[in-house]
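Next come the chains, spelled out residue by residue.
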Amino acid sequence: MTATQRAFGSSILRQEDPRLITGKGRFTDNLSRPGLTHMVVLRSPYAHARIKGIDASAAAAMPGVLGVYTGSDMADAGFGGIPCAWVVPDSDTKTPEHPPLAIDTVRYVGDGVAIVLAETEAQARDAAYAVDVDYETLDVVVNAKTATEDGAVLVHDDVPGNQCFHWTVSGGDVDAAFAEADVVVGETIVNQRLIPNAMEPRAALAEWDAAMGEVTLWVTSQNPHIARFLLSLDTGIPEHKIRVVAPDVGGGFGSKIPHYPEDSMVIFASQKLGRPVKWTETRSENYLATIHGRDHVEEVEMAAKSDGTILGLRAQTWANLGAYLSTASTGVPTILHGLMLSGAYNIPAIHEDVYGVFTNTTPVDAYRGAGRPEATFMVERMMDLVARELSMDPADIRRKNLIEPFTDGHEVATGLIYDTGNYEPALDQALEMFGYEEARKAQAEARAKGRLVGIGVVTYSEICGLGPSEVAGAVGFGGGLWESAIVRFHPSGKVNLMVGVSPHGQGEETTFAQIISDQLGVAVEDVEVIYGDTDQTPMGWGTYGSRTTPVASGAIMGAVQQLIDKGTKIAAHLLEAAEEDVEFTDGVFSVKGSREEGKTIQDIALAANTAWDMPEGVDPGFEESSFFNPANFVYPFGTHIAQVEVDPETGEIDLQRYTAVDDCGPIINPMIVEGQIHGGIVQGVAQALWEGAHYDDDGNLVTGSMMDYAIPKAEFLPNFNLGKTETPTPVNPLGVKGVGETGTIASTPTVYNAVMDALAPLGVAQVDMPLTPERVWRAISESQEGGK
Ligand code: MCN
């Protein structure tokens with residue numbers, strides 16, 4: 001693409017793909033250092049047990065073994081507990097100690113007990129089997145609601161009732177709303193536990209430099225600067241002596257946000273041995289030791305008038321946090337969930353009590369959507385129940401309650417102020433694209449023949465682009481949420497953009513280059529985006545919460561403007577013109593009306609870098625940096641519609657059609673955005689239909705491999721029919737909202753509601769997710785038995 005073609009809005013191919021699809025990506029496990037040592041973590045086979053003793057003598061004597069260390073060894077070396085970085089205020093949150101390796105008690109299957117270091121990974125693995133741990137097993141609790149009941153075993157002795165926190169969101173008069181309601185509907189929703197499955201499992205490689213007292217950690221992270229900050233707290237190494245590098249990262253979906261125990265372990269081991277140490281998890285380890293997502297039990301009610309006007313929503317939610325607090329775990333079921341219970345609607349009164357609960361399970365944290373899928377599912381499920389109760393069309397009840405268009409903020413009952421929204425056009429477009437009216441007619445005909453055809457409609461709004469740093473502080477997030485960028489022109493006119501965010505599959509190497517290309521008039525391929533290395537990039541708070549584009553683009557635009565301002569001064573000097581007479585368009589600084597005599601931005605970059613003839617008072621160099629702290633979050637929105645048919649004989653669900661109209665403001669790269677929406681929809685559909693982590697009563701993860709945990713396959717899905725509306729946000733200069741999670745947030749209730757619509761003629765009211773054929777078949781069978 002030449003500089004004068006507009007890059008913003010073009011589906012140009014991803015700059016990062018040639019290296020990734022030709023096997024030339026650099027992932028952490030690809031890296032090696034001279035003297036590399038391999039680490040294997042010995043993990044607890046029990047969900048809850050006291051460690052009475054660890055005998056590592058046989059393991060230590062095995063070939064190639066360089067050391068075996070335990071939690072006490074790490075504590076003796078000054079390594080502290082893994083910190084939780086988000087403690088929500090007014091919630092009486094308990095933060096029990098989380099040692100990187102268990103010291104006297106293991107609390108979930110997969111909890112680290114010892115590390116084994118050897119010349120090869122195989123030697124370390126063999127030796128790990130030879131470590132003899134004497135366990136005394138204890139009672140186990142895996143279910144969040146059960147864990148709060150009297151007499152439940154305590155996961156942490158210092159956390160009574162296993163209750164980590166009790167948080168409340170309240171707005172409007174909920175009691176009055178329910179008192180005046182014509183209809184009240186309710187359901188207990190199990191928003192089941194999910195296991196993130198990034199293509200690349202986690203890995204970490206640490207190299208301690210004793211002479212300099214500094215360490216480099218290459219790690220599969222979505223936010224290297226946060227990792228560095230948190231590592232400085234628990235390793236005791238000063239932050240400026242830690243370099244964290246996230247090389248190519250093969251997906252994360254939230255699971256690579258947290259600071260994990262293994263990050264500290266490899267640093268500790270590298271210090272101990274004076275050699276670089278690498279750890280790469282196996283897929284089974286990934287299932288046990290990388291965070292899980294969701295896992296709520298929710299008792300929800302909605303109140304409405306007989307004309308379908310929603311009056312209120314109230315809920316109690318038990319959020320399973322697992323055995324320990326992971327980095328952002330307390331914020332997910334509270335701030336990112338409870339505050340979004342108004343969805344896209346005017347709901348005048350909302351109240352939710354959220355109980356965060358410890359159990360003997362893998363820690364739970366942010367998984368794509370993080371809190372908003374759970375909120376959206378609650379609201380959208382209730383909307384359907386009200387519609388059914390009132391015999392209203394699901395699309396009509398949504399239209400009736402949608403927030404009217406707004407461009408200057410809209411406050412909902414939970415206290416959030418949405419930025420901009422215009423929900424009805426997205427609904428109209430989706431209905432039109434889907435052919436909703438005809439589809440309903442066809443459904444009626446199919447039903448008349450006994451076929452189980454269902455249609456699900458969801459209108460949603462979600463919060464992303466996290467967010468104003470002041471709000472981060474107010475809601476207990478232990479960091480800022482601003483971003484920074486450096487735009488550096490080399491003398492040749494080529495550009496490096498250094499950003500603090502750290503994409504790991506989303507494509508910002510391309511979209512950020514597109515922004516620079518348009519704004520500064522350089523070719524996309526002349527821009528290299530550098531990220532993921534705390535030594536090479538300015539401070540940033542990471543890639544999650546679909547914040548990378550809305551927040552980092554603000555910093556990029558700031559630096560861009562400063563370059564244009566400086567370039568204008570230099571050009572005016574070189575052109576012997578007044579600064580006010582110089583304009584900058586399509587990469588050329590020129591006196592208005594005489595573009596041919598102008599100076600290209602590359603000319604200016606050379607002039608500024610050589611500095612032979614600079615205007616007075618202007619420094620050499622052509623590089624600017626900028627910080628951006630957004631004034632608000634951003635709130636993308638849209639409408640999704642799906643059609644399914646259920647086989648009454650087998651309970652199998654055929655997802656036949658899917659239409660999604662999403663609004664993420666102006667789109668930088670439509671191909672990338674469509675890819676994000678596709679991937680997001682698939683992840684959300686998978687929650688509705690296939691995926692679910694399951695523990696037995698002893699705390700064994702019985703869905704501990706891809707044989708038992710059903711991740712989606714392309715053949716299960718129809719082509720997606722995508723549309724868009726574009727409502728810019730005033731929160732950042734480009735008006736962009738995030739899109740990385742919208743598909744996941746909307747698609748679970750869309751498909752769930754479609755299946756329940758299909759089963760409605762049989763009187764089936766509810767089936768827990770995932771809607772496996774077996775569950776659906778049982779529900780159908782029970783409804784038929786009941787009907788006899
Ligand atoms: N984009 C655009 N125009 C817009 C908005 C976004 O062209 N108006 C582009 C962006 O520039 C970027 C992509 O769409 O290339 C996603 O941008 P954004 O919405 O800013 O999301 P983030 O980059 O912050 O990514 C985070 C988000 C989250 S929270 C999860 S979880 C997730 C997701 O993105 N994990 C992913 N998508 C993923 N995609 C891949 N391949 N791997 C993951 O781990």
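Data block above holds the structure.
Residues numbered from 1 in each chain as written. Predicted model: local features only at pLDDT ≥ 70, side-chain atom pairs only at ≥ 80, totals over all residues. Heavy atoms only, no water.

Asker: Quick question: what am I supposed to make of the overall build of the chain here?
Answerer: Each helix and strand counted, the chain has 21 helices and 28 strands in total. Its C-alpha atoms give the chain a radius of gyration of 28 Å, near enough to 28 Å, the size a compact globule of 788 residues would have. For the chain, the spread of C-alpha atoms along the principal axes amounts to about 95 × 70 × 45 Å. Relative to its 788 residues, the chain shows a buried fraction of 62%. A fraction of 80% describes how many contacts in the chain between residues 6 or more apart in sequence connect residues 24 or more apart. Surface exposure of the chain reaches about 28100 Å², of which carbon and sulfur atoms provide 49%. Treating the 53 positive side-chain charges of the chain as one cloud and the 109 negative ones as another, the clouds have centres 3 Å apart. (Helix = DSSP H or I, 4+ residues; strand = E, 2+ residues; numbered from the N terminus. Rg over C-alpha atoms; globule rule 2.2 N^0.38 Å. Buried < 20%, exposed > 50% of the residue type's maximum accessible area, 1.4 Å probe, protein only. Contact = heavy atoms within 4.5 Å. Areas by Shrake-Rupley, 256 points an atom, 1.4 Å probe, with all protein chains shown as cover. Lys, Arg positive; Asp, Glu negative; His and termini not counted. Charge placed at Lys NZ, Arg CZ, Asp CG, Glu CD.)

Asker: How should I be thinking about the side chain of threonine 105 in this particular structure?
Answerer: Assignment of secondary structure puts threonine 105 in strand 4 (residues 105–106). Separated by 2.8 Å, the side chains of threonine 105 and arginine 50 make a polar contact. Looking at threonine 105, its side chain comes within polar contact range of the side chain of aspartate 104, at 3.3 Å. Not counting residues up to four positions away in its chain, the partners in contact with threonine 105 are His48, Ala49, Arg50, Ile51, Asp111, Leu138 and Tyr324. (Polar contact = N/O pair within 3.5 Å; in protein donor to acceptor, adjacent residues only side chain to side chain.)

Asker: Honestly, the sheet that holds strand 21 (residues 527–530) in this entry has me stumped. Any pointers?
Answerer: Taken in spatial order, the 4 strands make up an open sheet running 21-20-19-25, and their pairing is mixed. What marks the edges here is a single partner per strand, and that holds for strand 21 and strand 25 (623–628). Neighbour-to-neighbour, the strand axes of the sheet open up by a mean angle of 15°, direction not taken into account. Strand direction decides the pairing type here: strand 19 (residues 483–489) and strand 25, joined by 6 bridges, are antiparallel. Note that in strand 25 the partner of arginine 488 across the bridge is glutamate 623. (Pairing = 2+ DSSP bridges. Axes fitted to C-alpha atoms, helices over the stretch in contact; angles between N-to-C directions.)

Asker: Is there a simple way to explain unusual backbone geometry in this structure?
Answerer: Trans peptide bonds make up the majority, and among non-glycine residues the majority have a negative phi. Residue proline 770 is bonded to the preceding methionine 769 through a cis peptide linkage, with omega at -5°. Residue position: proline 770 is located in the loop between helix 20 (742–759) and helix 21 (773–787). At serine 546, a position not held by glycine, the phi torsion is positive, near 40°. Within the chain, aspartate 586 stands out as a residue other than glycine whose phi angle is a positive 45°. Structurally, aspartate 586 can be placed in the loop between strand 22 (582–585) and strand 23 (588–591).

Asker: I tried to follow the sheet that holds strand 15 (residues 349–358) on my own but got confused; where do I start?
Answerer: Within a sheet, each strand pairs with its neighbour through backbone hydrogen bonds, oriented either parallel or antiparallel. Overall, mixed pairing links the 5 strands, which are arranged 7-15-14-13-8 in an open sheet. Strand pairing shows two members of the sheet lacking a second neighbour, strand 7 (163–171) and strand 8 (183–194), which therefore form its edges. For this sheet the average axis-to-axis angle between neighbouring strands, irrespective of direction, equals 10°. Against the sheet, helix 11 (residues 372–389) touches strand 8, strand 13 (293–304), strand 14 (310–322) and strand 15, its axis set at about 145° to strand 8.

Asker: I would appreciate a short explanation of the environment of alanine 102 in the present structure.
Answerer: Mapped onto the secondary structure, alanine 102 falls in the loop between helix 3 (71–76) and strand 4. Spatially, the C-alpha atoms of alanine 102 and alanine 58 are 21 Å apart, while their sequence positions differ by 44 residues. If we ignore the near neighbours within four places in the chain, the residues touching alanine 102 are Ile51, Gly71, Asp111, Gly112 and Val113.

Asker: Any chance you could explain the packing of aromatic side chains here in plain terms?
Answerer: The geometry of two aromatic rings is summed up by the distance between their centres and the angle between their planes. If you walk through the whole model with that rule in mind, you get 18 aromatic pairs. Aromatic pair tyrosine 658 and phenylalanine 720: ring centres 5.7 Å apart, planes at 70°, arrangement edge-to-face. Taken together, the positions of tyrosine 658 in strand 27 (residues 653–663) and phenylalanine 720 in strand 28 (residues 720–724) put the pair 62 residues apart, joining distant regions of the chain. Ring centres 5.2 Å apart and planes at 50° place the aromatic pair tryptophan 690 and phenylalanine 716 in the tilted group. A residue pair is termed long-range when its members are at least 10 positions apart, and tryptophan 690 in the loop between helix 19 (670–689) and strand 28 and phenylalanine 716 in the loop between helix 19 and strand 28 qualify at 26 residues. Three or more aromatic residues joined by ring pairs make a cluster, and in this case those are Phe229, Trp482, Trp541 and Phe627. Geometry around phenylalanine 178 places arginine 314 over its ring, the cationic atom sitting 3.8 Å from the centre. Over the ring of tyrosine 544 we find arginine 547; its NZ or CZ atom is 5.5 Å from the centre of that ring. (Phe/Tyr/Trp six-rings, centres within 6.5 Å; stacked < 30°, edge-to-face > 60°. Lys NZ or Arg CZ within 6 Å of the ring centre and 35° of its normal.)

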